[in-house]
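# Observations on the three-dimensional arrangement
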Amino acid sequence: MDPKQTDSGIDIKVLYTKEDTVPMAELPGEFPYTRGVQPDMYRGKLWTMRQYAGFSTAEESNKRYRYLLSQGVMGLSVAFDLPTQIGYDSDHPLADGEVGKVGVAIDTIDDMRVLFAGIKLEDVSTSMTINATGFILLAFYVALAKEQGADIKKISGTIQNDILKEYAARGTYIYPPKPSMRIITDIFEWCSKEVPKWNTISISGYHIREAGSTAAQEVAFTLANGKAYVKAAQEKGLDINVFGKRLSFFFNAHNNLFEEVAKFRAARKMWASIMKGLGATDPKALMLRFHTQTGGSTLTAQQPMNNISRVTLQTVAAVLGGTQSLHTNGYDEALSLPTEDAARTALRTQQIVAFESGIVDTVDPLAGSYFVEQLTFEMEQKAAEIMSVVEGMGGSVEAIESGYMQEQIARSAYAYQRAIEDGEKIIVGVNKFQSDQVDHIPLLKIDNSIQVQQAEKLKQFRAQRDAKVVEQCLANITRAATDGSNLMPVVVDAVEKRCTLGEISDALRAIFGEYR
């Protein structure tokens, strides 16, 4: 029989017996949390069912959010367009052709107000997939919550805020690594006092995996990045037992069910040991809590309805692996932004797994499987080997600046694609079981009129504010960036006094420069 391997290069035996495996881990809710961060897991509380959405204008995205909430979504997850992600207002020349295309355009506090119209921020948990400009979007959100009369100490949610993976895998960075890390530690410090329920970072393996990494690399590079953030915060004098409780992670769920479950279990175990080694003693600071999104790169344009099966399999992997929150992709996302029908089907997939499958009835239902326990152990070993290389270079920042992470991800992506092209790896409907039938799938299209609308809104917004107040706010940001004081108070003040996202980003570009 041909030898089998996972994509991480772990050999799979034909049969596993008790002689092959390490002893089963501790109980759920006990260090190092391999079997789950809560003793009762989903018997006590289901994962948060999120749907990642955002497109065109704030008005259109608001309609989708209110629809999703009416259908049983427990938390919102906001997608922003590329100009917003890289700090350009919608009327900037470099925003041309991209406004509202892959997410919602948010330039001002007015846009944020429309985005959440009719939604009380104190009543929902909001996740925002934003990195380089994450601090500005958080400022918009906090300003709006205050406007609504919310107690900002009670608002909950997450900003992704993981800039290291942008350099390694995704590319929506603005500033060089060191000032970017400074902004992140400013957020940690400010949030711990002002918005203590807010998750200040979602350390993301998702985009590392989307760029082509293996599951083991996803764990290793993500935890190495997490370690770099913790060390940066400690160097600033922050208490690991305080900010450590607000760290969260964001992982991908791919199609190899057992490798993915092992990945989630191994990541929890490894992070608990890493945090203990860095001095954490509070159990909540030792726990790896994570959001999962099903694998966007696994979706195919060919036979797109097959993607429902893929997303279901990935949902099961995330739940068996113990996720705290989950987004399921629409079956049409290899073709366009998801339509309302596709988004509803994706949400129903989570609900069917939650209420019909029986998976949630007991904690860590695959525990004790000879295969799963050994695969968890081998995933940990494989990820630890990769992490030791990163540590030998001085950590994640150095590994990224040298190009090591980028090169390793590219090599894995190339090997995976070659395996598909050579027929060694079967992708149903792509390189096997093809069909000549044409699938007529309705697509969601965003036209360029969105840019014109946003530009007109910006023109009116700028005409209705005090230019001298704006100038003073931007000068305050420049001063804070220069003297090292925390940026968050002056940025919150700036958005409340009607500075735009692009203006704030540009003020910091002038001090920090841009990463090339």
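Before any of the text, the structure's been laid out above.
These remarks concern the structure in this document. (Residues numbered from 1 in each chain as written. Predicted model: local features only at pLDDT ≥ 70, side-chain atom pairs only at ≥ 80, totals over all residues. Heavy atoms only, no water.)

Turning to a nonpolar patch on the surface, a few remarks are in order. A cluster of nonpolar side chains, namely Ile-426, Val-428 and Phe-433, defines an oily patch on the protein surface of about 280 Å² accessible area. Of note, Phe-433 is situated in the loop between helix H16 (404-421) and helix H17 (449-463). Residue Phe-433 is classed as exposed on the basis of its relative accessible area of 52%. (Patch = residues over 30% accessible without salt bridge, like charges linked within 9 Å, V, L, I, M, F, W, Y side chains within 5 Å. Areas by Shrake-Rupley, 256 points an atom, 1.4 Å probe, with all protein chains shown as cover. Salt bridge = Lys/Arg side-chain N within 4 Å of Asp/Glu carboxyl O. Helix = DSSP H or I, 4+ residues; strand = E, 2+ residues; numbered from the N terminus. Buried < 20%, exposed > 50% of the residue type's maximum accessible area, 1.4 Å probe, protein only.)

Further remarks concern the nonpolar core. Residues Phe-116, Met-128, Ile-477 and Ile-504 are the most contacted members of the largest nonpolar core, which totals 146 residues. Not counting the four nearest positions on each side in its chain, Phe-116 is found in contact with Asn-62, Leu-76, Val-78, Leu-121, Thr-126, Tyr-141, Leu-144 and Gln-148. Core analysis: the second largest hydrophobic core is formed by 6 residues, Val-99, Ala-105, Ile-446 and Ile-450 among them. (Core = buried A, V, L, I, M, F, W, Y, C linked by side-chain atoms within 4.5 Å. Contact = heavy atoms within 4.5 Å.)

As a further point, take the packing of helix H6 (residues 177-194) against helix H19 (residues 488-496). Taken N-terminus to C-terminus, the directions of H6 and H19 make an angle of 80 degrees; their axes are 9 Å apart at the nearest point. In terms of axis orientation, H6 runs roughly perpendicular to H19. In this structure, H6 uses Asp-186, Ile-187 and Trp-190 to contact H19, whose residues at the interface are Met-488, Pro-489 and Val-492. Of the residues in the contact of H6 with H19, the class split is 5 nonpolar, no polar and 1 charged. (Axes fitted to C-alpha atoms, helices over the stretch in contact; angles between N-to-C directions. Parallel < 35°, antiparallel > 145°, perpendicular 65-115°, else oblique. Nonpolar A, V, L, I, M, F, W, Y, C, P; charged D, E, K, R; others polar.)

What follows deals with the sheet that holds strand S5 (residues 125-129). Pairing is parallel across the open sheet formed by 9 strands, whose spatial order is S7-S6-S5-S4-S3-S11-S10-S9-S8. Edge positions in the open sheet fall to strand S7 (198-199) and strand S8 (201-204), since each of these has one partner strand only. Across 3 bridges, the pairing between strand S3 (residues 48-53) and strand S11 (residues 325-327) is parallel. Bridge pairing links Arg-50 to His-327 in S11. Packed on one face of the sheet, helix H1 (residues 58-70) meets S3 and strand S4 (75-79) and runs near 155 degrees to S4. Helix H4 (residues 134-147) contacts S5, strand S6 (156-159) and S7 of the sheet and is inclined by roughly 150 degrees relative to S5. (Pairing = 2+ DSSP bridges.)

The subject of this paragraph is the side chain of Asp-186. As for its position among the elements, Asp-186 is in helix H6. If we ignore the near neighbours within four places in the chain, the residues touching Asp-186 are Lys-236, Ser-485, Asn-486, Leu-487 and Met-488.

Further remarks concern helix H12 (residues 306-320). Spanning 15 residues, H12 covers 22 Å between terminal C-alpha atoms, matching the ideal 21 Å at 1.5 Å per step. Next to the buried residues of H12 lie strand S9 (247-253), helix H10 (257-277), strand S10 (290-294), S11 and helix H13 (340-356). Gly-322 occupies a position one or two residues after H12 and carries a positive phi of about 90 degrees. (Expected span 1.5 Å × (residues − 1).)

With that out of the way, let us pick up the pattern of salt bridges. As enumerated under the stated definition, the model contains 34 salt bridges in all. The residue Arg-113 makes a salt bridge to Asp-110 at a minimum N-O spacing of 2.7 Å. Placement of the pair is Arg-113 and Asp-110 together in helix H3 (residues 109-115), with a separation of 3 residues, close to one helical turn. Owing to a relative accessible area of 33%, Arg-113 belongs among the partly exposed residues under this scheme. Under the relative-accessibility criterion, Asp-110 is labelled partly exposed at 25%.

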